[in-house]
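An overview of the molecular structure
Given next are the chains, with one letter for each unit.
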Amino acid sequence: MSADLQRILKASQPLTLSGVPAGFLPWLAADLARAAHGTGQGGRAVVIAADEAAMRALAETAPIFAPDVEVLTLPAWDCLPYDRSSPALRVMAERMATLHLLQAPRKGPQLLIVTANAAAQRLVTPFRVRQLTRRLAEGERVERGALERLLTANGYQRTDAVHDAGEYAVRGSIVDLYPAGEPNPIRLDFFGDEIETMRRFDPADQRTTGPAEAFTLMPASEALIDEDSVKR
């Protein structure tokens, strides 16, 4: 198998792999990710799945065979072009989180799984992703009005209670938000303009589950209507 992997990685022309059983694909994808990382050039393996169901199945199965491989998913928008409905906040938040992680330094093998539609869709530029991210931590001074404006400008929707990625809620000195790329929403408790505490909470019952560390606040949407985008 190692000789075949090296032949694939060193191929000067595209190769077509066929006849791979569905149950063996997670194992093969993980081996390709390890081999790409082992070249010393910081490579990653990219798998284009037929649809989102195939992408989810591969993303959930690959870590079982290769817990050392970081698995990233990039779904396509769940709406048609020129549709009246916008993409779901969950989908856009997942896409932005993946685009951010693709720019972060890698410590080990990485496997990117995208759908065929996502591979053919235009993406936000890496510079734009870096431009719109901000690091938040306990003890940092942030004016709450400015934070609300930042969340709105980055595509977050204000709700009465936070349940899904891309939402935020404000109750007095407390700001709940579900950042893109985070497994759980985060509750910020302000003392004046200072973030006094940060805690994670369960969106089902809104109860805190434990302390939260510093996190990167990323946009929840790829279609941000600001002054620059309006001009373009």
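As shown above, the structure is provided for reference.
What you see is a predicted model; the values in this text were computed from it and never measured.

**Thoughts on the overall build of the protein**
- Looking only at helices and strands, the protein has eight helices and eleven strands in total.
- Along the longest, intermediate and shortest principal axes, the C-alpha atoms of the protein span 60 × 40 × 30 Å.
- The buried share of the protein, taken over its 232 residues, is 40%.
- A separation threshold of at least 6 residues defines the contact pool for the protein, and within that pool the share at least 24 residues apart is 58%.
- Entry remark: accessible area of the protein is about 13,300 Å², with carbon and sulfur atoms responsible for 53%.
- Taken together, the 26 basic and 30 acidic charged side chains of the protein have centroids lying 5 Å from each other.

**Let's talk about the pairing of strand β10 (residues 208–211)**
- In this structure, strand β9 (residues 194–201) lies alongside β10, joined through three bridges in antiparallel fashion. Within β10, the position partnered with Arg199 by the bridge is Pro211.
- As consecutive antiparallel partners, β9 and β10 are separated by six residues, and within that stretch Gln206 has a phi angle of approximately 65°, a positive value.

**Things to note about the sheet that holds strand β2 (residues 70–74)**
- Read from one edge to the other, the open sheet built from three strands follows the order β1-β3-β2, with strand pairing classed as parallel. Looking at which strands have only one partner, the edges of the open sheet turn out to be β1 (45–49) and β2. Across the sheet, the mean angle separating the axes of adjacent strands is 20° when strand polarity is ignored.
- Where β1 meets strand β3 (residues 110–115), five bridges bridge the pair, whose relative direction is parallel. Within β3, the residue paired with Val47 across the bridge is Ile113.

**Description of the nonpolar core**
- Membership of the largest hydrophobic core comes to 27 residues, with the highest contact counts inside it found for Leu147, Leu177, Leu188, Phe215 and Leu217.
- Elements supplying a minimum of two residues to this core: α4 (89–101), α7 (144–153), β6 (167–171), β7 (174–177), β8 (186–191), β9 and β11 (215–217).
- Not counting residues within four places of it along the chain, the set of residues in contact with Leu147 comprises Leu136, Val142, Val175, Leu188, Phe190 and Leu217.
- In terms of nonpolar packing, the next biggest core, distinct from the first, is built from 16 residues, Leu32, Ala33, Val47 and Val69 among them.

**Description of the sheet that holds β7**
- Spatially, the six strands line up as an open sheet ordered β5-β6-β7-β8-β9-β10, and their pairing is mixed. Each edge of the sheet is formed by a strand with only one pairing partner; in this case those strands are β5 (157–158) and β10.
- With four bridges connecting them, β6 and β7 associate as antiparallel partners. Paired with Tyr168 across the strands is Leu177, a residue of β7.
- α7 rests against β5, β6, β7 and β8 of the sheet, and its axis sits at about 160° to β6.

**A word on the layout of surface pockets**
- If you add up the space inside the second largest pocket, you get close to 500 Å³.
- As for the second largest pocket, its lining consists of 21 residues, of which Glu94, Ala97, Ala180, Gly181 and Glu182 are closest to the centre.
- For the lining of the second largest pocket, the secondary structure elements donating two or more residues are β2 and α4.
- The biggest single contributor to the lining of the second largest pocket is α4, with seven residues.
- The class makeup of the residues in the lining of the second largest pocket is eleven nonpolar, five polar and five charged.

**Section: helix α3 (residues 52–65)**
- Taking 1.5 Å of rise per residue, the 14 residues of α3 would be expected to cover 20 Å, and the 21 Å separating its terminal C-alpha atoms lies within 8% of that figure.
- Within the span of α3, buried status applies to Met55, Leu58, Ala59 and Ala62. Buried residues of α3 fall within an arc of 100° about the axis and therefore sit on the same side. Opposite its buried face, α3 presents the exposed residues Ala53, Glu60 and Ile64, each directed more than 90 degrees away.
- For α3, the elements touching its buried residues are α2 (25–38), β1, β2 and β3.
- The distance from a side-chain oxygen at the start of α3 to the backbone nitrogen of Ala53 is 3.3 Å, and the residue carrying that oxygen is Asp51.

Cut-offs and rules
- Residues numbered from 1 in each chain as written.
- Predicted model: local features only at pLDDT ≥ 70, side-chain atom pairs only at ≥ 80, totals over all residues.
- Heavy atoms only, no water.
- Helix = DSSP H or I, 4+ residues; strand = E, 2+ residues; numbered from the N terminus.
- Buried < 20%, exposed > 50% of the residue type's maximum accessible area, 1.4 Å probe, protein only.
- Contact = heavy atoms within 4.5 Å.
- Areas by Shrake-Rupley, 256 points an atom, 1.4 Å probe, with all protein chains shown as cover.
- Lys, Arg positive; Asp, Glu negative; His and termini not counted.
- Charge placed at Lys NZ, Arg CZ, Asp CG, Glu CD.
- Pairing = 2+ DSSP bridges.
- Axes fitted to C-alpha atoms, helices over the stretch in contact; angles between N-to-C directions.
- Core = buried A, V, L, I, M, F, W, Y, C linked by side-chain atoms within 4.5 Å.
- 1 Å grid on protein atoms, 1.4 Å probe; cavity = no way out; pocket = protein on both sides within 12 Å on 5 of 7 lines; lining within 4 Å.
- Points joined across faces, edges and corners; volume = space filled by probe spheres on them.
- Nonpolar A, V, L, I, M, F, W, Y, C, P; charged D, E, K, R; others polar.
- Expected span 1.5 Å × (residues − 1).
- Arc of directions from axis to C-beta.
- Polar contact = N/O pair within 3.5 Å; in protein donor to acceptor, adjacent residues only side chain to side chain.

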